[in-house]
Amino acid sequence: MSKNKEIQAQTLKIPKIILITAKLFEAISTKLVTLFAAKLFTTPIKHKIPKREFQMDKESVQETVLIPSINKKIVVYHYGKSDKKILLVHGWSGRGTQLVKIADELLHLGYSTISFDAPAHGKSKGNSSIMIEFIASILELEKQFGPFEYAIGHSLGGMSILNAIREHLKVKKAIIIGSGDVIQDIIDDFIKKLRLTPAIGLKLKDYFEKKYGEKMDYYSASNAAKEVLTPILIIHDENDEEVNVRAAYHISESLKNSELMITKNLGHRKILGNPKVIKRIVEYLKD
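In this text, all values refer to a predicted model and were calculated from it rather than measured experimentally.

Caption draft 1: Geometry of the packing of aromatic side chains. Per the stated rule, a full pass over the model turns up 8 aromatic pairs. Here the aromatic rings of Phe41 and Phe190 are separated by 5.1 Å at their centres, their planes lie at 75 degrees, and the arrangement is edge-to-face. Of the two residues, Phe41 sits in helix H3 (residues 30-41) while Phe190 sits in helix H8 (residues 183-193), which places them 149 residues apart along the sequence. Comparing Phe41 with Phe190, the two get one shared label, buried. Aromatic ring contacts, followed pair by pair, group Phe41, Phe190, Tyr207, Phe208 and Tyr212 into a single cluster. Sitting over the face of the ring of Tyr111, Lys84 holds its NZ or CZ atom 4.6 Å from the ring centroid. Over the ring of Tyr284 we find Lys173; its NZ or CZ atom is 4.5 Å from the centre of that ring.

Caption draft 2: Just the pairing of strand E3 (residues 85-89), in detail. Of all 5 residues in E3, 4 are buried, a share of seventy percent or more. Once the chain exits E3 it traverses helix H5 (residues 100-108) before rejoining the sheet at strand E4 (residues 112-117), and the crossover so formed is right-handed. In terms of strand pairing, E3 meets strand E5 (residues 150-154) through 4 bridges, oriented parallel. Among the inter-strand pairings, Leu88 is bridged to a residue of E5, identified as Ile152.

Caption draft 3: Up close: helix H6 (residues 131-145). Taking 1.5 Å of rise per residue, 15 residues should cover 21 Å, and H6 covers 21 Å from first to last C-alpha, within 8% of that figure. The buried fraction of H6 amounts to 12 of the 15 residues, a majority that puts the element mostly inside the structure. Among all positions of H6, only Met131, Glu133, Phe134, Ile135, Ala136, Ser137, Ile138, Leu139, Glu140, Leu141, Glu142 and Phe145 are buried. Of the surrounding secondary structure, the elements contacted by the buried residues of H6 are strand E1 (61-67), strand E2 (72-79), E3, E4, helix H7 (156-166) and H8.

Caption draft 4: Fine view of unusual backbone geometry. Backbone torsion omega between Gly146 and Pro147 reads 5 degrees, so that peptide bond is classified as cis. With respect to the element layout, Pro147 can be found in the loop between H6 and E5. For His168, which is not a glycine, the phi torsion comes out positive at approximately 85 degrees. Structurally, His168 can be placed in the loop between H7 and strand E6 (173-177).

Caption draft 5: Looking closely at a nonpolar patch on the surface. Together, Leu24, Ile28 and Leu32 make up an exposed nonpolar region whose accessible area comes to about 280 Å². Tracing the backbone through its elements, the reader meets Leu24 in helix H2 (residues 16-28).

Caption draft 6: Up close: the nonpolar core. By size, the foremost hydrophobic cluster in this structure holds 58 residues, and its most contacted members are Leu141, Leu162 and Ile232. Ranked by residue count, the leading element in this core is H6, at 8 residues. Dropping the residues within four chain positions of it, Ile232 is found in contact with Leu162, Ile165, Ala174, Ile176, Leu255, Asn257, Ser258, Glu259 and Tyr284. Ile86, Leu99, Val100 and Ile102 belong to the second largest nonpolar core, which has 25 residues in total.

Caption draft 7: Highlighting the sheet that holds E1. Strand order across the open sheet formed by 8 strands is E1-E2-E4-E3-E5-E6-E7-E8, with mixed pairing between neighbours. Unpaired on one side and paired on the other, E1 and strand E8 (258-263) mark the two borders of the sheet. Averaged over all pairs of adjacent strands, the angle between their axes in this sheet comes to 20 degrees, without regard to strand direction. For E6 and strand E7 (residues 232-237), the ladder comprises 4 bridges, and the chain directions are parallel. The residue bridging Ile176 from the neighbouring strand is Ile234, located in E7. In the packing of helix H11 (residues 246-254) onto the sheet, contacts are made with E6, E7 and E8, and the angle to E8 comes to roughly 170 degrees. Along the sheet, helix H12 (residues 275-286) makes contact with E3, E5, E6, E7 and E8, crossing E6 at roughly 165 degrees.

Thresholds, definitions, all that
Residues numbered from 1 in each chain as written. Predicted model: local features only at pLDDT ≥ 70, side-chain atom pairs only at ≥ 80, totals over all residues. Heavy atoms only, no water. Phe/Tyr/Trp six-rings, centres within 6.5 Å; stacked < 30°, edge-to-face > 60°. Helix = DSSP H or I, 4+ residues; strand = E, 2+ residues; numbered from the N terminus. Buried < 20%, exposed > 50% of the residue type's maximum accessible area, 1.4 Å probe, protein only. Lys NZ or Arg CZ within 6 Å of the ring centre and 35° of its normal. Right-handed = clockwise from strand over helix to strand, strands pointing away. Pairing = 2+ DSSP bridges. Expected span 1.5 Å × (residues − 1). Contact = heavy atoms within 4.5 Å. Patch = residues over 30% accessible without salt bridge, like charges linked within 9 Å, V, L, I, M, F, W, Y side chains within 5 Å. Areas by Shrake-Rupley, 256 points an atom, 1.4 Å probe, with all protein chains shown as cover. Salt bridge = Lys/Arg side-chain N within 4 Å of Asp/Glu carboxyl O. Core = buried A, V, L, I, M, F, W, Y, C linked by side-chain atoms within 4.5 Å. Axes fitted to C-alpha atoms, helices over the stretch in contact; angles between N-to-C directions.

Right under this line is the structure:
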């Protein structure tokens, strides 16, 4: 398989029946298709845990923790026994064991990791979630299990970490990998994948703003980054088919203290296990 086809295979494909249903609802009613899109947008896909994550799943101590601010319970993973803790945050449709290759290297360095299955992800119960709940989970875990030395997040997890730091998560440094940026861009890309007209993307943004009482752009990574003083390492692949590499540059421009690592031909997920990426993470934390 060529590198490009390999990267394309990593991207999430929307089933044909959903595309047909979306177009049918759009023909019937703007309100109906907006509600349908909102339901899809907030429903993660639960993937079967791959073999490479079995050991972390088996060796970690797991517990269910209530996040009072959202009244939801999440499964938390305690991996390793060191008092020096690093927080790991997975992305959309990910799991608390997804950053296993990074976690294993951190254990070798004398750290332990705390990770979690966000609401409706992995072993956590529920059918829907949104970034606000990722942020709430991070802040509650800091209260219960912190302080954390560092935080590392992938994709939506990276965006959530930047937002959590703005809301006073205290870490010495943070690393974000394949992070998204502008919320409207993410919504527009989702609407494009559903093959709906761009106007539905604006309707979807309005729906979420009314529901959560907050402008969606508030949560854009580059917006949060403007208030972040913590040193941040941004890692992104130039061939990422799910999150365009321009997000990394935009976030970097908004940060006061950042470093940038741009990789090639790793896509959105393979980047998490790449030896060069892990080596750079270790070097950054050691500096």
